[in-house]
Amino acid sequence: MAMTAVARETVFALRRQIAKIEGTLPERLQAPAAAPLDAGTGTGNDLTIVRRGLAAALPDAFLPIGVERLDAALGGGLPKAALTEIHGLETRDAGAVAGFALSLVSLILNQAQGLPILWIGTSEIFHEAGFPYARGLHAAFGIEPGQLLFSEAPRLVDALWIAEEAARMTALAAVILEIRGNPQRLDLTATRRLHARAQGAGRPVFLLRQAAEPEPPIRLIAASAPAVPRATVAGPLAGSIGHPAFTISIGKSRTALPGQFILEWNPDERVFDERRGEEERAENPVPVVSLSGGRKDPAAASGEILAFPTLGSSVAISPTARDQPPPGQRAAHLSPRRAG
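Residues numbered from 1 in each chain as written. Predicted model: local features only at pLDDT ≥ 70, side-chain atom pairs only at ≥ 80, totals over all residues. Heavy atoms only, no water.

1. A short note on the overall build of the protein chain
Heads up, the rule is: For the purposes of this entry, the term helix denotes a DSSP run of H or I that reaches at least four residues, the term strand denotes a run of E that reaches at least two, and both are numbered from the N terminus. Each residue gets one of three labels from its accessible area relative to the maximum for its type: buried under 20%, exposed over 50%, partly exposed in between, using a 1.4 Å probe on protein chains only. By definition, residues are in contact when any of their heavy atoms lie within 4.5 Å. Surface exposure here means Shrake-Rupley accessible area, sampled with a 1.4 Å probe, where a residue is shielded only by the protein chains that are shown.
Secondary structure assignment for the protein chain yields eight helices and 15 strands. Scored against the burial criterion, the 340 residues of the protein chain give a buried share of 36%. Contacts in the protein chain between residues at least 24 apart in sequence constitute 68% of all its contacts with a sequence separation of at least 6. As displayed, the protein chain offers around 20500 Å² of accessible surface, 56% of which is attributable to carbon and sulfur atoms.

2. Concerning the pattern of salt bridges
Pairing of side chains with opposite charge becomes possible as their charged atoms draw close. Our working definition: One side-chain nitrogen of Lys or Arg within 4 Å of one carboxyl oxygen of Asp or Glu is enough to make a salt bridge.
A full pass over the atoms with the stated rule returns seven salt bridges. A salt bridge links Asp-158 to Arg-155, with the shortest nitrogen-to-oxygen separation between them at 3.2 Å. Classification of Arg-155 as exposed rests on a relative accessible area of 51%. Note that Glu-165 and Arg-168 form a salt bridge whose closest N and O atoms lie 3.9 Å from each other. Overall, the relative accessible area of 43% leaves Arg-168 in the partly exposed class.

3. Digging into the packing of aromatic side chains
Where we set the bar: Only Phe, Tyr and Trp rings take part, Trp by its six-membered ring, and two of them pair if their centres are within 6.5 Å. Stacked means planes under 30 degrees apart, edge-to-face means over 60, and tilted covers everything else.
Scanning the entire structure with this criterion turns up eight aromatic pairs. Between the aromatic rings of Phe-126 and Phe-150, the centroid separation amounts to 6.0 Å while the plane-to-plane angle is 80°, which identifies the pairing as edge-to-face. Of this pair, Phe-126 sits in helix H4 (residues 123–129) while Phe-150 sits in strand S7 (residues 148–153), and the two are 24 residues apart along the sequence. Accessibility expressed as a relative area gives 3% for Phe-126, which makes it buried. For Phe-150, a relative accessible area of 35% gives the class partly exposed. Three or more aromatic residues link up through ring pairs in this structure, and these residues are Phe-100, Phe-141, Phe-246, Trp-265 and Phe-272.

4. Looking at the side chain of Thr-122
Relative to the assigned elements, Thr-122 resides in strand S6 (residues 117–122). Of the residues examined, Thr-122 reaches a relative accessible area of 9% and is grouped as buried. Among all residues touching Thr-122, those that are not within four sequence positions of it are Glu-152, Ala-153, Arg-155, Leu-156, Ala-159 and Glu-178.

5. Considering the confidence of the model for the protein chain
The cut-off we apply is this: Confidence scores labelled pLDDT are given residue by residue by the predictor and lie between 0 and 100.
In this model, the protein chain carries an average pLDDT of 74, and 62% of its residues clear a pLDDT of 70 or more. Confidence over residues 278–291 falls short of pLDDT 50; this stretch has seven contacts with residues more than four positions distant or in other chains. Predicted confidence is poor over residues 315–322, with pLDDT under 50, and the contacts of this stretch with residues over four places away or in other chains come to four contacts.

6. Points about the nonpolar core
As a reminder, the rule being used: Here the nonpolar core consists of buried residues drawn from Ala, Val, Leu, Ile, Met, Phe, Trp, Tyr and Cys, with membership extended through side-chain atoms lying within 4.5 Å.
Core analysis: the biggest nonpolar cluster contains 43 residues, and Ile-86, Phe-100, Leu-104, Ile-117, Phe-206, Leu-263 and Phe-272 have the highest contact counts within it. Discounting residues that sit within four places of it in the chain, Ile-117 has contacts with Val-105, Leu-109, Ile-143, Gln-147, Leu-148, Leu-149, Ala-173, Ala-174 and Ile-176.

7. Points about the environment of Ala-171
With respect to the element layout, Ala-171 can be found in the loop between helix H6 (156–167) and strand S8 (174–180). For Ala-171, a relative accessible area of 43% translates into the label partly exposed. Ignoring any residue separated from it by four or fewer positions in sequence, one finds Ala-171 in contact with Leu-115 and Pro-116.

8. Digging into the pairing of strand S10 (residues 219–225)
Just so we agree on the cut-off: For two strands to be treated as a pair, DSSP must find at least two bridges joining them.
Most of S10 sits inside the fold, with five of its seven residues counted as buried. Taken together, the three bridges between strand S5 (residues 83–88) and S10 define a ladder with parallel strand orientation. By the bridge assignment for S10, Ile-86 is matched with Leu-220. For S10 and strand S13 (residues 245–250), the ladder comprises six bridges, and the chain directions are antiparallel. Its bridge partner lying in S13, Ala-223 is registered against Thr-247.

9. So, the side chain of Arg-209
The condition that has to hold: Here a polar contact is taken to be a pair of N or O atoms separated by no more than 3.5 Å, where protein atoms must pair a possible hydrogen donor with a possible acceptor and residues adjacent in sequence count only if both atoms sit in side chains.
Mapped onto the fold, Arg-209 is located in strand S9 (residues 205–210). Only 3.5 Å separates the side chain of Arg-209 from the backbone oxygen of Gly-181, close enough to count as a polar contact.

10. A short note on the packing of H6 against helix H7 (residues 188–201)
Working note: a packed helix pair is described by the angle between its axes plus the distance between those axes. For clarity, the cut-off: Axis definition: a line fit to C-alpha positions, over the contact stretch in the case of helices; interaxial angles, taken between N-to-C directions, run 0 to 180 degrees. Any angle that is under 35 degrees is reported as roughly parallel, and any over 145 degrees as roughly antiparallel; angles of 65 to 115 degrees are reported as roughly perpendicular and all others as oblique. For this classification, the nonpolar set comprises Ala, Val, Leu, Ile, Met, Phe, Trp, Tyr, Cys and Pro, the charged set comprises Asp, Glu, Lys and Arg, and every other residue, Gly included, is treated as polar.
Where H6 contacts H7, the axes come no closer than 8 Å and their chain directions differ by 25°. By the angle between their axes, H6 is roughly parallel relative to H7. Note on element contacts: H7 touches H6 through Arg-193, Leu-194, Arg-197, Ala-198 and Ala-201, opposite Ala-163, Glu-164, Glu-165 and Ala-167. When its residues are assigned to classes, the contact of H6 with H7 shows five nonpolar, no polar and four charged.

11. Notes on the sheet that holds S7
Spatial ordering of the open sheet is given by S7-S6-S8-S9-S5-S10-S13-S14-S15, a layout of nine strands whose pairing is mixed. Edge positions in the sheet fall to S7 and strand S15 (271–274), since each has one partner strand and no second. Looking at each pair of strands side by side, their axes are set apart by 25° on average, direction ignored. The pairing of strand S14 (residues 259–266) with S15 spans four bridges and is antiparallel. The residue bridging Trp-265 from the neighbouring strand is Phe-272, located in S15. In this fold helix H3 (residues 94–109) packs onto S5, S6, S7, S8, S9, S10, S13, S14 and S15, with an angle of close to 170° to the strand it touches most, S9. Lying on the sheet, H7 is in contact with S5, S8 and S9; it crosses S5 at an angle near 130°.

So, in structure tokens, the structure goes:
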């Protein structure tokens with residue numbers, strides 16, 4: 001007889017409790033493959049994933065970030081129907097926290113096209129951190145300005161009430177609640193209510209905390225990371241600015257493994273990429289210009305090439321070259337441009 005989902009959850013809960021008592025709680029509990037359901041139900045195999053410290057859940061219950069190491073640390077990704085906290089340890093991290101949250105919303109909209117997003121905050125937080133730039137929403141995240149709704153509340157208690165009511169709505173793709181610090185009113189009871197509403201509606205709720213200490217259940221700490229020069233076939237483009245980057249840290253959590261990752265957001269493809277260390281960057285083995293036919297080796301270098309003769313040279317200078325201004329007095333339109 002097939003083991004029901006309730007029975008499996010009970011067994012896994014007992015195993016975790018025994019492991020906690022014995023002090024041998026594993027980082028991952030391996031779930032056996034579910035047996036085929038009875039012919040009367042006939043829906044195929046009830047495959048499950050067991051996350052660290054949690055009961056079994058369906059694979060589609062998580063939102064993959066798209067970075068293999070980070071998704072593995074999160075146990076499959078972020079839960080689609082849950083409260084997820086994203087923290088900025090300092091006020092200056094507000095932009096990085098908001099940008100990372102909008103990147104996650106962009107991933108969600110791939111599965112919930114057309115649904116709006118509600119961003120809730122107090123007057124204090126919007127005056128301090130500002131609002132997202134409307135024209136940049138579509139260019140960087142594929143979000144139409146009309147899809148992002150804002151609710152500015154005068155007090156925290158009003159913002160919490162709006163968030164709880166919005167979290168139960170299935171007409172929203174996601175709910176974002178942005179606050180500052182660790183106010184006493186937003187305690188464990190309040191976050192549990194938001195989490196329960198998100199589970200009931202099957203929608204994610206992102207709690208953005210600015211200049212705050214991390215708190216459960218899933219605590220991601222976001223900060224800005226230096227952008228690297230844009231990559232070309234000839235190598236990094238000097239003086240350019242590449243994709244926006246985030247430093248994402250997983251704090252102490254019951255459902256994820258600790259770790260730190262540097263992610264780059266690709267606004268064109270709208271995906272995350274993990275930035276690898278310089279020692280891991282693979283060099284392009286293909287030459288930019290192929291060798292001439294019938295030759296095994298390229299010709300030897302012809303030496304240094306100068307645009308003008310060196311000082312003291314007897315080479316005559318043409319009138320055209322003599323008319324050129326010194327390098328420091330070149331016309332503005334001839335100076336090199338900075339990309340990005």
